[in-house]
Amino acid sequence: MTSSFVWQIVVVLAVILAVGYVLGIGMAAIFDGRPSWLDPVCAPIERLLLAITGVRGSPAGMTWSQYALAIVWSNFFMAVIVFGVLLFQGHLPLNPLHLPDVEPMLAFGTACSFVTNTNWQAYSGESTLSYLSQMALTFLMFTTAGTGIVAAIAMIRGLVGRADLGNFYQDLIRLTVRLLMPVSVVFALFLCWQGVPQTLASSAQVRGPQGIVQTIPRGPVASLESIKEFGTNGGGYYNANSAHPLEGPTPLSSAVEIVLLLAIPVGVIFTFGAMLRNQRQALVVLGVMGVIYLCGLATVAWAETHGNPMLTHLGVNQAAGALSPGGNLEGKEVRFGQALSVLFAVSTTATMCGAVNCMHDSLTALGGFVPLGQMMLNSVFGGVGVGFMNFMLFGVLAVFLTGLMVGRTPEIFGKKVEKPEIVLASLIILLHPLLILAPSAWSILHGYALASLDNRGFHGLSEILYAYSSAAANNGSAFAGLNADTPWYLLSQGFVMLLGRYLPIIAQLAIAGSLLAKRPVPVGPGTLRTDTALFGALWLAVILIVGALTFFPVMALGPIAEHFAMLAGKTF
């Protein structure tokens with residue numbers, strides 16, 4: 001591992017922290033409704049959009065059930081609209097390649113995928129979807145990212161004891177108009193400068209140096225790419241995602257995309273600190289997430305720069321002239337190198353983004369173990385907003401368990417944690433492994449599911465686990481060796497995505513509403529403070545212990561067993 005490798009990662013992470021802090025403070029101002037220099041431009045647009053939704057004047061705050069219902073119904077209607085666009089795209093405009101209607105099962109799976117912020121794709125975008133269909137999915141990238149963020153803000157309001165949880169429609173519109181849209185436009189222009197297409201013209205016909213005519217698919221790519229990363233959506237315009245030269249043309253564009261996909265997940269932490277008026281608490285949260293993230297990053301960096309010893313023993317240097325003898329460059333773009341590929345792979349699964357600039361199926365066994373493990377934990381930064389909410393569930397559980405052990409009153413942010421909160425938190429923490437392990441077990445037992453595998457043995461198990469972990473965590477990345485365009489995987493993953501997205505949000509809003517209704521408890525000698533390094537260590541321990549007890553047995557049969565088989569020189 002060279003100094004250049006390390007410095008690339010250090011510089012990108014430093015920029016992410018700086019951008020996240022500024023963004024987090026800005027989001028706190030947006031959701032607190034403070035006056036801004038953007039008001040003359042944004043306020044009229046917001047009033048118009050609120051009027052269209054039927055929310056006029058000063059929108060009243062919602063109860064947790066009203067907020068949850070608004071999320072579910074609005075997302076449902078948006079999914080139906082996009083499902084219709086996909087189903088009838090052959091009869092709709094902006095289809096210069098005259099692509100046919102999307103098959104109903106695939107249209108259902110795709111609509112479920114994008115409305116849940118998962119963006120799993122069982123198709124090649126450039127050869128399956130019209131420009132209108134791609135733009136419909138881009139629309140969902142804005143609304144679903146916004147849904148996750150405002151759900152987290154509503155939960156924060158409940159945790160910190162605001163007057164109410166806010167109004168979903170007002171929150172979503174303010175966020176979109178003041179943050180998501182302006183930033184996405186700026187970075188779409190940046191990507192155009194780097195070489196990403198943004199056009200409604202048909203595919204280009206190009207004659208290569210050897211006289212061969214090649215068709216270059218293009219379209220409204222930059223607009224999708226910018227919100228894809230900034231909203232931690234994932235997916236991609238092209239089948240190769242951000243590894244495609246027209247989605248990730250340069251090392252600079254790849255580095256900026258990594259910053260974009262981590263900006264809001266990191267920013268939400270500082271938003272929480274600002275709304276709680278205790279940035280020390282935010283630093284504890286950032287520290288716990290950061291420890292898990294950096295350990296995962298170090299593991300993948302070590303595994304990918306050391307490569308496969310079986311090839312090294314044969315005298316094959318996979319990364320000749322790059323970083324170290326035997327370093328693994330399989331499935332990676334040489335224009336990015338190992339540093340940006342490793343950083344992208346860890347970041348996209350830590351944030352539940354799902355975009356990729358290298359093929360995760362080609363990572364070493366331990367290199368694939370970390371992305372898979374991060375999706376199973378589903379609380380390391382996580383998708384915009386929702387990952388933070390999952391992390392807070394572990395905080396509620398840590399407060400309760402620690403209070404029982406030391407004889408202190410279980411309190412979090414000045415509110416008592418009692419049976420209703422613990423029951424809801426426990427159910428949601430148990431739901432996530434159920435959504436991963438149950439369909440994975442079913443798939444292993446039935447031939448129609450196993451027929452989708454390109455690999456058998458330990459790696460085949462990892463592919464199935466990865467598919468359902470990605471669906472349950474609303475990540476959307478994939479091990480490329482699994483064909484998900486089958487009725488079983490389209491239906492089962494579609495329902496896993498829906499349940500993994502909306503049930504946790506509803507339960508977390510219920511916890512926020514329950515805590516909001518309670519009287520604040522003054523800090524006293526018996527109060528267990530949550531803004532200390534000691535409690536941060538306890539928080540970390542709860543996450544890792546619950547994760548290990550739940551997932552270690554099946555991980556031992558997948559990537560861990562594959563790693564030891566590799567060391568023993570065995571192939572499958």
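Bear in mind the structure is a predicted one, so any value in this text is a computation, not a measurement.

**A closer look at the pattern of salt bridges**
Summed over all chains, the structure comprises 14 salt bridges. The partner of lysine 518 in a salt bridge is glutamate 418, and the shortest N-O contact between them spans 2.9 Å. You can see lysine 518 sitting in the loop between helix H18 (487–516) and helix H19 (533–557) and its partner glutamate 418 sitting in the loop between strand E4 (415–416) and helix H15 (419–445), a full 100 residues away along the chain. Among the residues examined, lysine 518 registers a relative accessible area of 17% and is labelled buried. The salt bridge involving lysine 518 is made with glutamate 421; its shortest N-O contact spans 2.9 Å. Here glutamate 421 lies in helix H15 and lysine 518 lies in the loop between H18 and H19, a separation of 97 residues in the sequence. This pair shows no difference in class: lysine 518 is buried, exactly as glutamate 421 is. A cluster of three or more residues bridged by salt bridges with shared partners is formed by Asp39, Glu46, Arg174 and Arg178.

**Some thoughts on the pairing of strand E2 (residues 213–216)**
Note that strand E1 (residues 204–207) and E2 share four bridges and pair antiparallel. Its bridge partner being in E2, glutamine 205 is matched across the sheet by threonine 215. The turn joining E1 and E2, which pair antiparallel and follow one another in sequence, is formed by five residues; a positive phi near 85° is taken by glycine 211.

**Some thoughts on the environment of valine 160**
Here valine 160 shows up in helix H6 (residues 131–160). Counting along the chain gives 245 residues from valine 160 to methionine 405, while the straight-line C-alpha distance between them is 25 Å. Among residues more than four places away in sequence, those in contact with valine 160 are Phe272, Met275 and Leu276.

**Details of the nonpolar core**
If you look at the biggest cluster of nonpolar residues, it comprises 168 residues, and the most contacted ones within it are Tyr293, Phe381, Met392 and Trp539. Top element by residues in this core is H6. It accounts for 17 residues. Formed by five residues, the second largest nonpolar core is a distinct cluster that contains Cys42, Leu50, Ile173 and Val177.

**Digging into helix H12 (residues 337–350)**
Spanning 14 residues, H12 covers 20 Å between terminal C-alpha atoms, matching the ideal 20 Å at 1.5 Å per step. Summarising burial for H12: 14 of the 14 residues are buried, a large majority.

**A look at a nonpolar patch on the surface**
Together, Val6, Trp7, Val10, Val11, Val15 and Val19 line one region of the surface with nonpolar side chains, adding up to about 490 Å² of accessible area. The class for valine 10 is partly exposed, based on a relative accessible area of 40%.

**Some remarks on the environment of glutamate 463**
In this structure, glutamate 463 sits in helix H17 (residues 457–472). The residues touching glutamate 463, leaving out its near neighbours within four places in the chain, are Asp361, Leu453, Asp454, Asn455, Phe479, Gly481 and Leu482.

**Let's talk about the layout of surface pockets**
Roughly 590 Å³ of volume is contained in the largest pocket. Lining the largest pocket are 21 residues, with Asn308, Glu330, Leu363, His459 and Glu562 positioned closest to its centre. It is helix H20 (residues 559–567) that contributes the most residues to the lining of the largest pocket, three residues altogether. Grouping the constituent residues of the lining of the largest pocket by class yields eight nonpolar, eight polar and five charged. A breakdown of the residues in the lining of the second largest pocket according to their chemical character gives 13 nonpolar, 12 polar and one charged.

**Here's the deal with the confidence of the model for the chain**
Looking at the chain as a whole, its pLDDT mean stands at 89, while 96% of the residues score no less than 70. Of the regions scoring below 50 in pLDDT, residues 318–325 engages in 23 contacts with residues more than four places distant in sequence or in other chains.

The rules behind these values
- Residues numbered from 1 in each chain as written.
- Predicted model: local features only at pLDDT ≥ 70, side-chain atom pairs only at ≥ 80, totals over all residues.
- Heavy atoms only, no water.
- Salt bridge = Lys/Arg side-chain N within 4 Å of Asp/Glu carboxyl O.
- Helix = DSSP H or I, 4+ residues; strand = E, 2+ residues; numbered from the N terminus.
- Buried < 20%, exposed > 50% of the residue type's maximum accessible area, 1.4 Å probe, protein only.
- Pairing = 2+ DSSP bridges.
- Contact = heavy atoms within 4.5 Å.
- Core = buried A, V, L, I, M, F, W, Y, C linked by side-chain atoms within 4.5 Å.
- Expected span 1.5 Å × (residues − 1).
- Patch = residues over 30% accessible without salt bridge, like charges linked within 9 Å, V, L, I, M, F, W, Y side chains within 5 Å.
- Areas by Shrake-Rupley, 256 points an atom, 1.4 Å probe, with all protein chains shown as cover.
- 1 Å grid on protein atoms, 1.4 Å probe; cavity = no way out; pocket = protein on both sides within 12 Å on 5 of 7 lines; lining within 4 Å.
- Points joined across faces, edges and corners; volume = space filled by probe spheres on them.
- Nonpolar A, V, L, I, M, F, W, Y, C, P; charged D, E, K, R; others polar.
- pLDDT = per-residue confidence, 0-100.

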